[in-house]
Amino acid sequence: DVVFPSHEGDFFTYTDKANQYWSGYFTTRPKLKQLSRRSDHSLRVAEMLFVWARSMNLLTDKMNKEYGLYGTLQDMRRAIALVQHHDGITGTARVKVVDDYMLKLQNGMDKIDSTIGTLVSTIMSSGNI
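Scope of this entry: the structure provided in the associated data block. (Residues numbered from 1 in each chain as written. Predicted model: local features only at pLDDT ≥ 70, side-chain atom pairs only at ≥ 80, totals over all residues. Heavy atoms only, no water.)

### Focus: unusual backbone geometry
Item 1. Phi is positive for arginine 29, which is not a glycine, with a value near 55°.
Item 2. Relative to the helices and strands, arginine 29 is located in the loop between strand E2 (20-21) and helix H1 (30-55).
Item 3. Its relative accessible area of 27% is what places arginine 29 among the partly exposed residues.
Item 4. Unusually for a residue other than glycine, asparagine 57 sits at a positive phi of about 55°.
Item 5. Position of asparagine 57 among the secondary structure elements: in the loop between H1 and helix H2 (61-67).
Item 6. What makes asparagine 57 exposed here is its relative accessible area of 68%. (Helix = DSSP H or I, 4+ residues; strand = E, 2+ residues; numbered from the N terminus. Buried < 20%, exposed > 50% of the residue type's maximum accessible area, 1.4 Å probe, protein only.)

What follows is the structure, encoded as structure tokens:
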């Protein structure tokens, strides 16, 4: 019979103050993590549509400026990058910081949804499909 060594004791959870544990990466702030994933997905869709419309010469610089399409993509990239900070995505950020992250992502999602609608409409109305 093989006997494997065992250890008794506590590996986790790290704490730096009484009853304030640093754990729960996969379980803390599930709404933030869900919104982060959804935001990233929607951004990717908008980026693909933007490139498609540009490659078909459907987006003029005037139209891009009028609707702020590229700026919306940039703003969403920044919001997503901000949430990926080690205190954001892990769920260890303070409540007011998480609230700010959520607000930035939700505002970005609203603009991205509008951008996706504009781009789909532009591509569909071109008659090149």
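What follows continues from the structure just given.
### Side note on the environment of valine 95
Item 1. Note on placement: valine 95 falls in helix H4 (residues 95-125).
Item 2. Valine 95 sits 66 residues away from arginine 29 along the chain, and the two C-alpha atoms are 9.8 Å apart.

### A few points about the nonpolar core
Item 1. Counting residues in hydrophobic clusters, the biggest one holds 26 residues, and the most contacted among them are Leu59, Leu105, Ile112 and Leu119.
Item 2. Of all the secondary-structure elements, those providing two or more residues to this core are H1, helix H3 (69-83) and H4.
Item 3. Sorting elements by how many residues they give to this core places H4 first, with eight residues.
Item 4. Sequence-distant contacts of leucine 59, defined by excluding residues within four places in its chain, comprise Phe50, Ala53, Arg54, Leu69 and Leu119. (Core = buried A, V, L, I, M, F, W, Y, C linked by side-chain atoms within 4.5 Å. Contact = heavy atoms within 4.5 Å.)

### Remarks on the packing of H1 against H4
Item 1. Two numbers describe how H1 lies on H4: the axes approach to 9 Å, and their chain directions differ by 30°. Relative to H4, the element H1 lies roughly parallel. For the pair H1 and H4, the sense of crossing is left-handed.
Item 2. Grouping the constituent residues of the contact of H1 with H4 by class yields 19 nonpolar, four polar and three charged. (Axes fitted to C-alpha atoms, helices over the stretch in contact; angles between N-to-C directions. Parallel < 35°, antiparallel > 145°, perpendicular 65-115°, else oblique. Left-handed = near helix turned anticlockwise from the far one by under 90°. Nonpolar A, V, L, I, M, F, W, Y, C, P; charged D, E, K, R; others polar.)

### With respect to the side chain of serine 42
Item 1. With respect to the element layout, serine 42 can be found in helix H1.
Item 2. Here serine 42 falls in the buried class, since its relative accessible area comes to 10%.
Item 3. Contacts of serine 42, omitting those with residues within four sequence positions, involve Met109, Ile112, Asp113 and Ile116.

### Points about the packing of aromatic side chains
Item 1. Tallied over the entire structure, the rule returns one aromatic pair.
Item 2. With a centroid separation of 6.0 Å and 45° between ring planes, the pair formed by phenylalanine 50 and tyrosine 70 is classed as tilted. Pair noted here: phenylalanine 50 is in helix H1 and tyrosine 70 is in helix H3, with a separation of 20 residues, a long-range link. (Phe/Tyr/Trp six-rings, centres within 6.5 Å; stacked < 30°, edge-to-face > 60°.)

### Some thoughts on the pattern of salt bridges
Item 1. Tallied over the entire structure, the rule returns five salt bridges.
Item 2. Its salt-bridge partner being arginine 54, residue aspartate 61 comes within 3.5 Å of it at the nearest N-O pair.
Item 3. Here aspartate 61 falls in the exposed class, since its relative accessible area comes to 51%.
Item 4. A relative accessible area of 35% means that arginine 54 is categorised as partly exposed.
Item 5. Among the ionic pairs, arginine 78 bridges to aspartate 75, the shortest N-O distance being 3.5 Å. (Salt bridge = Lys/Arg side-chain N within 4 Å of Asp/Glu carboxyl O.)

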